[in-house]
Amino acid sequence: MSFIYDEPEKIKKIYIKELPVLINESNELVCIPHSPDKPVIGVVGQRSSGKSFLAHGIIDRIYWYWGEPLISMNDLTHESYIWSTRNKMKAQVKILEKYGEKPMPLPIAYIYPYFKGFKPPEHEYISMSIPFEDFLKNSPYFLRLKQSEKYLDLNLRYIIDCKTPEEIQDILLDKIKNRSIVNTIMASMYRYLNQEITDFNSPAPAYLDISNTSDFDAMSDFEGMQYDLKEHPVSKREYGPVKMTEEEKEFIYSEFKDNKIIRDFSSVDFDKTKSYYWLYRSRYNPLLALVRQNLVPVINTEQLLSKPYFHPYMYYLLDTIIHNQSRDYYFESHKIPIWIHLEEVTRIASTQLKEKTSQKLIEIAQTGRPLRMGMIYVTQDYNKVDTIMRSQTTYLFTFRFKDKSQASQIKSDMGLAEYEEDEILHLKKHQVFASTTDHFVIYSPDGTRYTTDKSQKGRSLPPLSQHKSPGAG
Ligand SMILES: Nc1ncnc2c1ncn2[C@@H]1O[C@H](COP(=O)(O)OP(=O)(O)OP(=O)(O)O)[C@@H](O)[C@H]1O
Ligand SMILES: [Mg+2]
């Protein structure tokens, strides 16, 4: 972004590579530095205080200025839909312009996890299911079988390649002597299959093929996008087929050898194998397929939340993303990071939840660099955020809290002074208190750049795209 300071007769443009988040009380721009070590960013405060507004601004700028992919995992209130429109609030646009920024729509794509009885939204969306193999792999967690669970766990390796429930039943009957245990497992499995959440019988796909662009026709229109793309401030991420390297050629050799398709390598036609390679590599979980198309997937969890499989479902999604970061050739070789945005994070990882899903979030928070994953979490109840997540939080943006215990927890986690705790309790409407265990980069109105680890108080920069106003449907 460019940064223009106040005195018109002396305007000097400064291009910055950090991510601007707020304007502090000295009229300075407070930014998060760009690092391969992706941070954990917390945004906390009471109801309607400005949390989502700030998180939204960070998301827009990660996408547009850093060109890094994001996945919004937990849209419970359908509040991201409006992000596909550029910011049209006059007062906010004026602030953006003051800092050399421009309103931009965010190219979001809504994803709805499919289950029987799911009510489709009135706009374009993509529905998804879970691959049956992945469901089987995580079935002890999905099925919650209590005593019978260990029997399923023990025999998982025999059923993992099964294609039908009948096949599973036959194998389990063979392996488990106690018939009633098999019956319990199968009854539970059929209850799940009736929900149609896996690609065994769901009408929704478990994968999208990015080589098939028709898969991407159904998504929200992002008004103004074509125009804005022309003036994209950073170069667009590449996607789709890229030039093949020697390593990739070798990969194809081994693939073909294993598949016994070709025995004589000297006759390999590389143009053909290249398309085979990309076809093979282009099948992704819908979230990652959208990410590869430079879109921002938003998972709507309004309806999923009340289902008994909400946590296992989120587990599957997080596990798939983590796995992809370390294993997928494209993401790994291009060193592509991924940001996870979580509204109401305590629904997934909290001090009170004993779910395996929390462990996945903790894993992301703890292994920023090797996984290349950053996280932005939002909550009204900081006290309930999982202890390890709190301790891993690099940047914490705090809005108004009346509750003293919240401020005192923040003080102890972020190593604040007594007076700072008091400041948090006396923040004005939409005022934010930013603290870090790392450092901020700050630009003064005269263009001076400096770094500091001191806490900052100020107001959020508005998002580039439109924010949902209170009461809007
Ligand atoms: N810095 C700001 N300037 C102008 N308007 C703001 C600012 N911060 C927040 N608002 C407005 O205040 C309202 C509430 O903000 P926001 O959506 O961020 O609340 P929240 O803290 O996420 O609340 P909840 O906990 O209910 O989700 C929004 O309509 C938003 O546009
Ligand atoms: Mg909110």
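Keep in mind that this is a model prediction, so the values were computed, not measured. (Residues numbered from 1 in each chain as written. Chains lettered and ligands numbered in written order. Predicted model: local features only at pLDDT ≥ 70, side-chain atom pairs only at ≥ 80, totals over all residues.)

### So, the site of ligand 1
Keep this limit in mind: Any residue whose backbone-placed C-beta atom lies within 6 Å of a molecule or strand is treated as near that molecule or strand. Each helix is a run of DSSP H or I of at least 4 residues and each strand a run of E of at least 2, with the numbering of both proceeding from the N terminus. For this classification, the nonpolar set comprises Ala, Val, Leu, Ile, Met, Phe, Trp, Tyr, Cys and Pro, the charged set comprises Asp, Glu, Lys and Arg, and every other residue, Gly included, is treated as polar.
The environment of ligand 1 is formed by 15 residues, the closest being Gly50, Lys51, Ser52, Phe53 and His430. Secondary-structure elements contributing two or more residues to the shell around ligand 1 are helix H1 (51–66) and strand E18 (456–460). It is H1 that contributes the most residues to the shell around ligand 1, 3 residues altogether. Classifying every residue of the shell around ligand 1 by side-chain character gives 2 nonpolar, 10 polar and 3 charged.

### Focus on the packing of helix H7 (residues 165–175) against helix H8 (residues 179–194)
Note the threshold: Only the contacting stretch of a helix is used when fitting its axis, a line to C-alpha atoms as for every element, and angles between N-to-C directions run 0 to 180 degrees. For this classification, under 35 degrees means roughly parallel, over 145 means roughly antiparallel, 65 to 115 means roughly perpendicular, and everything else is oblique. Crossing handedness is defined as follows: a turn of the near helix away from the far one that is anticlockwise and smaller than a right angle gives a left-handed crossing, while the clockwise case is right-handed. Placing a C-beta atom from the backbone of each residue, one calls two residues in contact when those atoms lie within 7 Å.
Running from N to C, H7 and H8 cross one another at 165°; their axes reach a closest spacing of 10 Å. Between H7 and H8, the angle falls in the class roughly antiparallel. By crossing handedness, the relation of H7 to H8 is classed as right-handed. Taking contact as the criterion, the partners of Pro165, Gln169, Leu172 and Leu173 in H7 are, on H8, Val182, Ile185, Met186, Met189, Tyr190 and Leu193. Its residues assigned to classes, the contact of H7 with H8 comprises 9 nonpolar, 1 polar and no charged.

### Considerations on the confidence of the model for the protein
Worth spelling out the cut-off: Residue-level confidence of the predictor is what pLDDT reports, using numbers from 0 through 100.
Confidence along the protein averages 85 in pLDDT terms, with 82% of residues attaining 70 or more. Below pLDDT 50 for its whole length, residues 217–243 participates in 40 contacts with residues either more than four positions away or in separate chains. Between residues 259–265, whose pLDDT stays under 50, and residues either more than four places distant or in other chains, the model counts 4 contacts.

### Considerations on the nonpolar core
Stated precisely, the cut-off is as follows: Think of a nonpolar core as buried Ala, Val, Leu, Ile, Met, Phe, Trp, Tyr and Cys residues chained together by C-beta atoms that fall within 7 Å. With C-beta atoms placed from the backbone, a residue is labelled by how many other C-beta atoms lie within 10 Å of its own: buried for 20 or more, exposed for 12 or fewer, partly exposed between the two. All domain edges in this entry derive from an automatic or database-based domain assignment.
In terms of nonpolar packing, the biggest core is built from 115 residues, with Val21, Cys31, Ile58, Ile111, Ile340, Met375 and Ile376 touching the most fellow members. It is H1 that contributes the most residues to this core, 8 residues altogether. When residues of this core are assigned to domains, at least three fall in each of domain 1 (2–113 + 295–319 + 337–460) and domain 2 (132–194). Those residues in contact with isoleucine 111 that lie beyond four places of it in its chain are Tyr125, Ile126, Met128, Pro286, Leu287, Pro297, Val298 and Ile299.

### Here's the deal with the packing of helix H13 (residues 310–327) against helix H15 (residues 356–366)
Put simply, H13 and H15 touch, their axes get as near as 8 Å, and they point 30° apart. Put simply, H13 runs roughly parallel to H15. Read as a crossing pair, H13 and H15 show a hand that is left-handed. On H15, the residues that touch His311, Met314, Tyr315, Leu318, Asp319 and Ile322 of H13 are Lys356, Thr357, Lys360, Leu361, Glu363 and Ile364. A per-class count over the contact of H13 with H15 returns 6 nonpolar, 2 polar and 4 charged.

### Digging into the pairing of strand E13 (residues 373–379)
Using the following cut-off: Two strands make a pair as long as DSSP finds a minimum of two bridges between them.
Summarising burial for E13: 7 of the 7 residues are buried, a large majority. Burial along E13 is two-sided: Met373, Met375, Tyr377 and Thr379 and Gly374, Ile376 and Val378, pointing in opposite directions, are all buried. Sheet topology places strand E5 (residues 40–44) next to E13; 5 bridges connect them, and they run parallel. Looking at the pairing, valine 40 lines up with methionine 375 of E13. Bridge count for strand E12 (residues 338–342) against E13 is 5 bridges, and the pairing is parallel. Within E13, the residue paired with histidine 341 across the bridge is isoleucine 376.

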